[in-house]
Amino acid sequence: MSTDRTVRQVALTHAVVGFATCLCLIVFYTGAGAFGPINDVGNAVLGVLSFGLAWVLRPRRTVLLGFAAVGAAVTVAGTVLVLGGITGFYLAGLWSSFGFALVGVWLVGVRGFLPGGVMLLGLVGVPGILMGLDDMASAPGWTFAAGVSWAGTYLLFPAWSLRLARRDRTESSL
């Protein structure tokens, strides 16, 4: 079983990376193009840290840990897709939001209802993945619901992790 200290360290790191990755996206959209790839790498790191957090919290139901593991792998795949030039940012983003939706299943299972629930909106993008949608300008409106999931991934989940990092008895509270 992980110690409270380990949980707090991983949770704090997760929160910092989540907020920093969000900030990189905001700076990217203000015109600083170099922050796009930094955001992409941040997504992958955040996905891996999400699994790390799931691992140190070790939910009693291992199926939840499986969702977090697969979700983390899918977020990394989304980063590889865009940084490798295999797809554009839109399709890669659908992949990453799908991965974080799977992490959201774990999060709901450990009582992170609000952030996990918002992250689950990433599942809306799965048909877009299957359709190979990679042009934001011509993407059907329903795919943008998957984009709302990023509020859970970049804001609510890191805030949940920050709160977890500040607790005295992390494991007994889950």
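This text follows the structure it describes.
Residues numbered from 1 in each chain as written. Predicted model: local features only at pLDDT ≥ 70, side-chain atom pairs only at ≥ 80, totals over all residues. Heavy atoms only, no water.

Student: Sorry if this is basic, but what is going on with the nonpolar core here?
Tutor: Across soluble globular proteins, nonpolar side chains show a tendency to be buried alongside one another. One finds L53, L57, W106, L107, F157, W160 and L164 to be the most contacted residues of the largest nonpolar core, which totals 26 residues. When residues of this core are traced back to their parent elements, those giving at least two are α1 (4–29), α2 (35–57), α3 (62–83), α4 (89–109) and α7 (144–165). In contact with L107, other than residues within four places in its own chain, are G112, P115, G116, M119, F157 and W160. Counting ten residues, the second largest nonpolar core, distinct from the first, contains Y90, L91, L133 and A139. (Core = buried A, V, L, I, M, F, W, Y, C linked by side-chain atoms within 4.5 Å. Buried < 20%, exposed > 50% of the residue type's maximum accessible area, 1.4 Å probe, protein only. Helix = DSSP H or I, 4+ residues; strand = E, 2+ residues; numbered from the N terminus. Contact = heavy atoms within 4.5 Å.)

Student: Any chance you could explain the state of the cysteines here in plain terms?
Tutor: In protein structure, a disulfide is the covalent linkage between the sulfur atoms of two cysteines. Taken as a whole and assessed by the stated rule, the structure comprises zero disulfides. The thiol sulfur of C22 is not disulfide-bonded, and the nearest other cysteine sulfur, from C24, lies at 9.3 Å. Among the residues examined, C22 registers a relative accessible area of 12% and is labelled buried. Exposure remark for C24: the relative accessible area of 12% places this residue in the buried category. (Disulfide = S-S within 2.5 Å.)

Student: When you look at α7 in this model, what are you seeing that I'm missing?
Tutor: Because each turn of an α-helix spans 3.6 residues, side chains separated by three or four positions in sequence point in the same direction. Between its terminal C-alpha atoms α7 stretches 32 Å, which fits the 32 Å expected from 22 residues at 1.5 Å a residue. Along α7, the sharpest kink reaches roughly 35°, centred on L156 and followed within four residues by the proline P158. Restricting attention to buried positions, one finds in α7 the residues A146, S149, W150, G152, T153, Y154, F157, P158, W160, S161, L164 and A165. Lining the buried residues of α7 we find α1, α2, α4 and α5 (113–119). (Expected span 1.5 Å × (residues − 1). Bend = angle between axes of the 7 residues up to and from the residue.)

Student: Just to check I follow, could you spell out the environment of F28 for this structure?
Tutor: Examined against the element boundaries, F28 turns out to sit in helix α1. Using a relative accessible area of 31% as the deciding quantity, one classes F28 as partly exposed. The contact partners of F28, leaving out residues within four places of it in the chain, are G33, F35 and G36.

Student: Help me out: how do you make sense of the packing of α3 against α4 in this one?
Tutor: Relative orientation and spacing of two packed helices are given, respectively, by the angle between their axes and the distance between those axes. For the pair α3 and α4, interaxial distance at closest approach is 7 Å and the crossing angle is 165°. Comparing the axis directions of α3 and α4 gives the class roughly antiparallel. In this structure, α3 meets α4 at a crossing whose hand is left-handed. Within the contact of α3 with α4, the residues separate by chemical class into 18 nonpolar, seven polar and no charged. (Axes fitted to C-alpha atoms, helices over the stretch in contact; angles between N-to-C directions. Parallel < 35°, antiparallel > 145°, perpendicular 65-115°, else oblique. Left-handed = near helix turned anticlockwise from the far one by under 90°. Nonpolar A, V, L, I, M, F, W, Y, C, P; charged D, E, K, R; others polar.)

Student: Quick question: what am I supposed to make of the packing of aromatic side chains here?
Tutor: Working definition: an aromatic ring pair is given by the centre-to-centre distance plus the angle between the planes. Inspection of every chain in the model, using the stated rule, returns nine aromatic pairs. Considering the side-chain rings of W150 and Y154, the 5.1 Å spacing of their centres and the 40° angle between planes classify their relative orientation as tilted. You can see W150 and its partner Y154 sitting in helix α7, four residues apart, about one turn around the helix. An aromatic cluster is built from F89, Y90 and F144, whose rings are joined through pairwise contacts. (Phe/Tyr/Trp six-rings, centres within 6.5 Å; stacked < 30°, edge-to-face > 60°.)

Student: Honestly, the packing of α2 against α7 in this entry has me stumped. Any pointers?
Tutor: Taken N-terminus to C-terminus, the directions of α2 and α7 make an angle of 45°; their axes are 12 Å apart at the nearest point. Our classification of the angle between α2 and α7 gives oblique. Crossing angle aside, the handedness with which α2 passes α7 is left-handed. Counting all contacts with α2, which are made through N39, N43, L46, S50, L53 and L57, the residues of α7 involved are W150, T153, Y154, F157, W160, S161 and L164. For the contact of α2 with α7, a count of residues per class yields eight nonpolar, five polar and no charged.

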